[in-house]
Each structure stands twice: as C-alpha cells, then as structure tokens.
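Okay, here's what each chain looks like letter by letter:
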Amino acid sequence: MDASLFQYLLRLGDNTLVLGHRGSEWCGHAPVLEEDIALANTALDLIGQTQLWLGLAAEVEGKGRDADQLAMQRDIWDFRNLLLVELPNGDFGRTLMRQFLFDAWQVINLGRLMNSSNPRVAEIAAKASKEAAYHVERSADTVVGLGDGTEESHVRMQAALEYLWPYVGEMFLGDEVDAAMVAAGIAPDPASLRAEYDALIGRVIKTATLEIPDSSFAHKGGKTGAFHTEHLGHMLCSMQWLQRAYPGASW
Amino acid sequence: MKHEWPLWEIFIRGQHGMSHRHVGSLHAPDAEMAIKNARDVYTRRNEGVSIWVVEAVNVSASSPEDKGAFYEPSNSKVYRHPTFFDIPDEVGSM
Amino acid sequence: MYAQMVKTAGSGVKDRDEMSEQEQDFQDRIDRGEKIEPKDWMPDNYRITLIRQIGQHAHSEVVGQLPEGNWITRAPTLERKAILLAKVQDEAGHGLYLYGAAETLGVSRDEITEDLLAGRMKYSSIFNYPTLNWADMGAVGWLVDGAAIINQVALQRTSYGPYARAMVRICKEESFHARQGYHIMMKMASGTPEQKAMAQDALNRLWYPVLMMFGPSDKESVHTAQSMAWKIKMDTNDELRQKFVDQTVQQIEYLGLELPDPNIKWNDETKQYDYSDPDWTEFFDVIKGNGPCNVDRMAARNKAWDDGKWVRDGLMAHAEKKAAAKVAAQ
C-alpha cells in the first residue's frame, strides 16, 4: 500500500516538478513582460506544489529522504512524470498549448483528490486546486486568443496541438498503482476523468477555431517509468548538476 | 503590422475594505486580459482582492499624489519578504 | 547605476534670470519638494532627460533578468529555485513599472524597447558580465541589488511623481533581493571549501564591475548639476559609491571572505573607507559594446522580441475580433 502511494505521489510531484522547470526556462525570454511574469507565477505555483507532493512522498517512503533529495538525486528511470510535461518547450504557442492540456487534466484530477480518503492528499489537493483553477483559465484564454488570432498564430497553434496530442492519452491510462489508489479511496481511476476532460478541452479548442486530431494513439511510459523521452535526461543534467557535482554540500 | 497592446491603468482594492487604489499600469490586448495580467503583475505579494482596469486613453483626470502601494503579507511565498532571510545585526541594514 | 551616464539634455544649469517665468515656477515647485505630475507643464529638457533615465533604468531591469535567469534551471534546491525565479520575475515587474512611468512622458513601451534593441538606448554595464558559479546568485543579489538600492532609495524622493512612486514600489521588493543574495553568500562562505572558493571568486569578479555601476566621477559635470537641480539625480556618483563601499566592507568581513581590493582601508580623517578606483578603460569598453556579454544579452533580447511578435499580434488580433463581434451584436 505505502509503496503504491509513494509511486502515486511521485507521479503527482514529478509532473509539477518537470513542468515547473520547463516553465521557468521562459523567464526573461517571453514575448512580452506581462506574459513573462504570468508564466513565472505558474511555474512558481508548480514548484510549490512539488515541494508538497514530494515532501509527502518522502515521508511515505520513510527512508529519511526529503523533497530535495527526491528532486535532485533520482536518475531518469525513477522519474514518474507524464511524457507530455518533459517535452521541450518549443515556441510560446506550444508551451501554452501544453500548459493548457496539462492544466485541464490537473484541475479535474485535483478536484477528485480533494475528496481523497487520505487527509494529507486531500489537503494538498485543496491548496493546489485553487492555483490550478487560475492556471487553466489563463492558459485556455491564451489558447483561444492565439488559435483565433492571426493566420500565423492559428497555424502555429494547430501545429502545437498536433505535436502534443499523442501525449495526452497517457493521462488516462491506469495500472496497478492506480488500482491500489482506487481501492483505498485515495485517488480516482484515471480513465474516469476522460469524459470531463474531453468536454473541457473540446469547448476551448473549438472556441479557438482549432481541430483536435483524429487519432487516439498515445505514447506511454512516463508515469510508469518504463520509458522517458531523451529530453528528460538533458533537463536533469542542468537541474541536478550542483547537487551531483558537490555531494553533501548544503545550499 | 505595428500594433502595440493598449495601456491600462490598474486599480486594486486590498483586504481591509479600503477603496480601490491606483497601483500602476500595464499592457494587454483587452480588458479581460488586463485583469488577468494585473493579477499576475500587481498581486504577487497578495496585495489585493479586487481589480479594476481602465484603458489609459479613457482616463481624464488630474493626478493626485498616490502614497504608494498597499502591501499585505503573502501566505505561501514567504520568501518574497525580506524578513524571511535572517541577516545578522553585525552586517548592518539591508 | 541602473541608469548610468544618462546625458542630461540642455547645456547645464540655467541661472534664474535666464529662465522664463514658467521655468522659474517649475523650479520653485521642485525646490519646495512638490511632485511634478504627467499633465503638468515641464521643460522639454526635463522630459527628454527623464525619458532617457527611466528608459535606461527599465531596460536594465529587463536585461538584468538574463544573468540571473542563467541559473534558474540549475538552482540547487527547490526552495532556491523558487526564490531565484521569484526574484528574476520581480525584475521583469520592475521593468514593467518603470516602462509605465516612462509612458506617462509620452513615449510608448514598444518605441523605447525598439530603441534598446537597435542599440540607441543603453542599459547598465553590470549586466554585461557573466554569472559563472552559484555564488554569483548570492553576489548579484547582495552587491548589484545592494548598489541599486542605494540609488533607488534616494530616487524615492525624485521630483517626477510616477518615477518616485515606481521607486517606492521597487524599493520594497529590492530589500528581499539583497537579503536573499546575502543569505546565499552566508551559506556559501560557511560551506565546504569549494563553496567558500565560489563565494570568494564571485566577490572578486563582481566587485569592480559593481563599483562601475555608479558611473565615473561626476562632481564637476554640468549635466549632473542640472539633473540635481531638477531632483532627478539625488547624489553624485562618488557620494553613492562611497556609501556603498562603507556599508559593504563590514558585510564582507562578516562573511569571513577576503576583501577584493587590498587598498580598502579605514581612513580616520575622512571617517570612511579608502578604496581603489575601478579600471575606467574597461568601463568605457563595456559601455561601447565590448563587455564579455554585450552581444549575447542583446541577441537574447532581440530573439525574445522577434520570436514573440506573432504571439503579441495574435492576441491583439483576437481581442479586436471580439470587440468587433460585440459591436456587431449591439
């Protein structure tokens, strides 16, 4: 049970860790100051959520590790994030499309986790869901604005959606970890979130005058740890470098 | 196409029932985005609970002196506040 | 300083009998400590000088995101990462507040941004130096922001209302910046031998570039005199630099680091520290574009601007469509 819960918490924490890191890569490089600041706010929220999820994961694991050790000292095969969040940022449109596709799932999932049988999980979910509600509102607006903007922005957003779409399905795939969470009343069955998700993104993508690709193919392996993309290793090289180069130092 | 986002004047009301006050300006394509941008730009330290935006071209007024922004302590981003960092007295003011 | 070597428009301080009646009234208001507000009458040269100064200050904040942004993805802990990201985000906010102040003088943010990107406007020389190890994140916050605060605290009393108000807001946030920087330095200086070496390296490397932030001696400059009469410059460069050295020496000593300049010595007569002048030849090289990072900084800002065009245009086009649809529906 605790082993499954540990895995499940790593999935939640690694998603926010990796996406928060991707968001932070934009700081100082966004198209306009207002967007630079907004994206940094989202990244800051995600890093804050990471501290909570990985902090709880470390407690559940009970081996004396903390959130920082989990973030900075696990290698790629121990990461449990969705492949979607580790993909490179691409242009601003792809970054925001990815943010939206993630936010939409995140806000629905957190909504369910607020009713978790595990009070710690429910408590973190309650805090994070307030942040996620704003994230999805903002990213949805940007997807709509750029999808239904100029011809160029429309073309770029459609391309972003097509690139990212094969990574959406992984969010709804369940495995034995999920089954254990469902059985314990800790977390929902991932597949049960799909209808609400499709309705939400369908509405936004339509308003954005974009088209959801006609394919249900889903890359997988991130949340189980079976496969990651090559991109994650490069991210870890930067993210973990100081901790790896100077082990035991306190920062 | 040369097309700068319009300028908006931002007014924020804090948590203690004070009236909205002017905190600065920013750029946004429309009012809706101006409100969102204001939330991201001007409430990074939980300064407000209500935001008004007015497109700058629509403001016609004298400019009474603003006494500066109203700051409320933030809940979760405590590190944004100088007192989060314990600095020894010996090193002087910072 | 963030606004460095700003050329004051005009040919120096005017004597009172050279001033028109309007100019005399304007100067009297400033002398009485009143704030000048956007719609008030002001001499053209006051307006021009302020646009240069506030614009340069704003550009410095935005370009200043880059050297620290360089380490966001490599911050050693989750908390340090969040703090650094929040700090660099604040710089973007400061740039935004200052552009807003400049805009009250009749220029648009896009116009002066394009002036920066085309090399017609400058930003502070300090941001043309690289950040090479993690202790630089400490040293930049502590020394660079520390130096900026000295100037900005004084500028809270500047005569131009919107600039003064932006400074008030910025100063409240800068204190967080300096303290988080010093906090990193304390950790590093008391850490492993490698960490202490990083701290010393950062201090040695950044010391003179930080002294250069205040600009060359300007005691005799007629431009300085005019800007000071207008209260858009509050102290001379040398006064500010001395203040910085005097407050920083004890902070270096507390860290247990070696002084970056062997000539730093307390002078009992002047009651302040003596110190070595920076190499002003290097300073002018950096100002002319030959600093270690000038080319990279401008390339990064140009790329962000060029790559972002379709986003800015796209969101604007959407807003216009929405507005048109609303009108059509009425």
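Located above this text is the structure these notes cover.
The model shown is predicted, which means the values in this text are computed figures rather than measured ones. (Residues numbered from 1 in each chain as written. Chains lettered and ligands numbered in written order. Predicted model: local features only at pLDDT ≥ 70, side-chain atom pairs only at ≥ 80, totals over all residues. Heavy atoms only, no water.)

### Digging into the overall build of chain A
Looking only at helices and strands, chain A has eleven helices and zero strands in total. For chain A, the sequential pattern of α-helices and β-strands runs α-α-α-α-α-α-α-α-α-α-α. A compact globule built from 251 residues would reach a C-alpha radius of gyration of about 18 Å, and chain A, at 18 Å, matches this within 12%. Summarising its shape, the C-alpha atoms of chain A cover approximately 55 × 40 × 30 Å along the three principal directions. Within the span of chain A, comprising 251 residues, buried residues form 62% of the whole. Restricting the contact set of chain A to residue pairs at least 6 apart, pairs at least 24 apart contribute 80%. (Helix = DSSP H or I, 4+ residues; strand = E, 2+ residues; numbered from the N terminus. Rg over C-alpha atoms; globule rule 2.2 N^0.38 Å. Buried < 20%, exposed > 50% of the residue type's maximum accessible area, 1.4 Å probe, protein only. Contact = heavy atoms within 4.5 Å.)

### Some words on the interface of chain C and chain A
Across the contact, 45 residues belong to chain C and 49 residues belong to chain A. Overall, the association of chain C and chain A removes approximately 4000 Å² of surface from exposure, summing both partners, and the carbon and sulfur fraction of that is 70%. Applying the counting criterion to the chain C and chain A interface returns two salt bridges. Note that C:Arg109 and A:Glu34 form a salt bridge whose closest N and O atoms lie 2.7 Å from each other. (Buried area = accessible area lost by both parts, 1.4 Å probe. Salt bridge = Lys/Arg side-chain N within 4 Å of Asp/Glu carboxyl O.)

### Some words on the packing of aromatic side chains
Residues and elements named next belong to chain C. Counted under the stated rule, the structure contains 19 aromatic pairs over all chains. Consider the rings of Phe214 and Phe244, whose centres lie 5.6 Å apart with planes at 45 degrees: the pair is tilted. Highlighted residues: Phe214 in the loop between α8 (193-212) and α9 (222-229) and Phe244 in helix α10 (residues 237-255), separated in sequence by 30 residues. Under the relative-accessibility criterion, Phe214 is labelled buried at 2%. (Phe/Tyr/Trp six-rings, centres within 6.5 Å; stacked < 30°, edge-to-face > 60°.)

### Looking at the pattern of salt bridges
Residues and elements named next belong to chain C. All chains considered together, the criterion is met by 40 salt bridges over all chains. For Arg32, the salt bridge goes to Glu34, with nearest N and O atoms at 3.0 Å. A relative accessible area of 56% places Arg32 in the exposed class. According to the relative accessible area criterion, Glu34 is partly exposed, its value standing at 32%. The partner of Glu68 in a salt bridge is Lys87, and the shortest N-O contact between them spans 2.6 Å.

### Here we look at the interface of chain B and chain A
With 15 residues of chain B in contact, the opposing surface of chain A contributes 13 residues. Together chain B and chain A conceal approximately 1300 Å² of surface at their shared face, both sides included; 54% is due to carbon and sulfur atoms. Contact with chain A buries surface across chain B, with B:Lys36, B:Arg39 and B:Asp40 losing the most and accounting together for 37% of the total. Elements that contribute at least two residues to the side of chain B that touches chain A include exactly β2 (21-27) and α1 (31-42) of chain B. Counting residues per element, the side of chain B that touches chain A draws most heavily on α1(B), which supplies seven residues. Here the side of chain B that touches chain A is built from residues that sort into five nonpolar, three polar and seven charged. (Nonpolar A, V, L, I, M, F, W, Y, C, P; charged D, E, K, R; others polar.)

### Observations concerning α10(C)
Side chains that are three or four residues apart share a direction in an α-helix, a result of its 3.6 residues per turn. The terminal C-alpha atoms of α10(C), which comprises 19 residues, lie 27 Å apart, in line with the 27 Å expected from a rise of 1.5 Å per residue. Three or more residues of α10(C) are buried, namely C:Asn237, C:Asp238, C:Leu240, C:Arg241, C:Gln242, C:Phe244, C:Val245, C:Thr248, C:Val249, C:Gln251, C:Ile252 and C:Leu255. (Expected span 1.5 Å × (residues − 1).)

### A short note on unusual backbone geometry
Backbone geometry places A:Thr209, a non-glycine residue, at a positive phi of 60 degrees. Considering the arrangement of structural elements, one finds A:Thr209 in the loop between α9 (194-207) and α10 (230-239). Residue classification places A:Thr209 among the partly exposed positions, given a relative accessible area of 40%. The backbone phi angle of C:Lys231 is positive, close to 55 degrees, even though this residue is not glycine. Mapped onto the fold, C:Lys231 is located in the loop between α9 and α10. Given a relative accessible area of 25%, C:Lys231 falls into the partly exposed group.

### Topic: the environment of A:Thr42
Residue and element names in this part refer to chain A. Mapped onto the fold, Thr42 is located in helix α2 (residues 33-61). Given a relative accessible area of 10%, Thr42 falls into the buried group. The spatial distance from the C-alpha of Thr42 to the C-alpha of Leu52 is 16 Å, given a sequence separation of ten residues. The contacts of Thr42, once residues within four sequence positions are left out, are Gln99 and His135.

### Let's talk about the nonpolar core
By size, the foremost hydrophobic cluster in this structure holds 153 residues, and its most contacted members are A:Met97, A:Phe100, A:Leu101, A:Tyr197, C:Trp134 and C:Phe244. Residues contacting A:Phe100, with those up to four places away along its chain left out, are A:Val136, A:Ser139, A:Ala140, A:Val143, A:Leu200, A:Ile201, A:Val204 and A:Ile205. Ranked by size, the runner-up nonpolar core spans 45 residues in total, among them B:Ile10, B:Tyr42, C:Ala92 and C:Ala166. (Core = buried A, V, L, I, M, F, W, Y, C linked by side-chain atoms within 4.5 Å.)

### Here we look at the sheet that holds β2(B)
All names here are of chain B. Reading across from one edge, β2-β1-β3 is the order of the three strands in this open sheet, with antiparallel pairing throughout. Strand pairing shows two members of the sheet lacking a second neighbour, β2 and β3 (50-55), which therefore form its edges. Each strand axis lies, on average, 30 degrees off the axis of its neighbour in the sheet, ignoring direction. Strand direction decides the pairing type here: strand β1 (residues 7-13) and β2, joined by six bridges, are antiparallel. The residue bridging Glu9 from the neighbouring strand is Ser25, located in β2. Relative to β2, α1 is tilted by about 110 degrees, and along the sheet it contacts β1, β2 and β3. (Pairing = 2+ DSSP bridges. Axes fitted to C-alpha atoms, helices over the stretch in contact; angles between N-to-C directions.)

### Examining the side chain of A:Glu170
Residues and elements named next belong to chain A. The topology assignment puts Glu170 in the loop between α7 (151-164) and α8 (176-183). Separated by 3.4 Å, the side chain of Glu170 and the backbone nitrogen of Gly221 make a polar contact. With sequence-adjacent residues up to four places away left out, Glu170 is seen in contact with Leu82, Leu83, Ala218, His219, Lys220, Gly221, Gly222 and Lys223. (Polar contact = N/O pair within 3.5 Å; in protein donor to acceptor, adjacent residues only side chain to side chain.)

### Examining the state of the cysteines
Overall, the coordinates contain zero disulfides over all chains when judged by the stated rule. Take A:Cys27: it sits in no disulfide, and the sulfur closest to it among the cysteines is that of C:Cys293, at 17 Å. On the basis of relative accessibility, which here comes to 5%, the residue A:Cys27 falls in the buried class. (Disulfide = S-S within 2.5 Å.)

### Some remarks on the pairing of β1(B)
For a regular strand, side chains alternate in direction, first toward one face of the sheet and then toward the other. Residues and elements named next belong to chain B. Burial within β1 is extensive, with five of its seven residues counted as buried. Examined bridge by bridge, β1 and β3 share six bridges and lie antiparallel to one another. Each bridged residue has a counterpart across the sheet, and for Ile12 the counterpart in β3 is Ile51.

### Examining the side chain of C:Thr73
Structurally, C:Thr73 is set in the loop between α3 (65-69) and α4 (78-103). Once residues lying within four places of it in the same chain are set aside, the contact partners of C:Thr73 are A:His21, A:Ser24, A:Glu25, A:Ser238, A:Met239 and C:Lys81.

### A short note on the packing of α2(A) against α1(B)
Here α2(A) crosses α1(B) at 60 degrees, and the two axes come no closer than 9 Å. One element, α2(A), and the other, α1(B), form an angle in the oblique class. For the pair α2(A) and α1(B), the sense of crossing is left-handed. Between α2(A), through A:Glu34, A:Glu35, A:Ile37, A:Ala38 and A:Asn41, and α1(B), the contact on the second element is made entirely by B:Met33, B:Asn37, B:Arg39, B:Asp40 and B:Val41. Among the residues making up the contact of α2(A) with α1(B), the classes are represented as four nonpolar, two polar and four charged. (Parallel < 35°, antiparallel > 145°, perpendicular 65-115°, else oblique. Left-handed = near helix turned anticlockwise from the far one by under 90°.)

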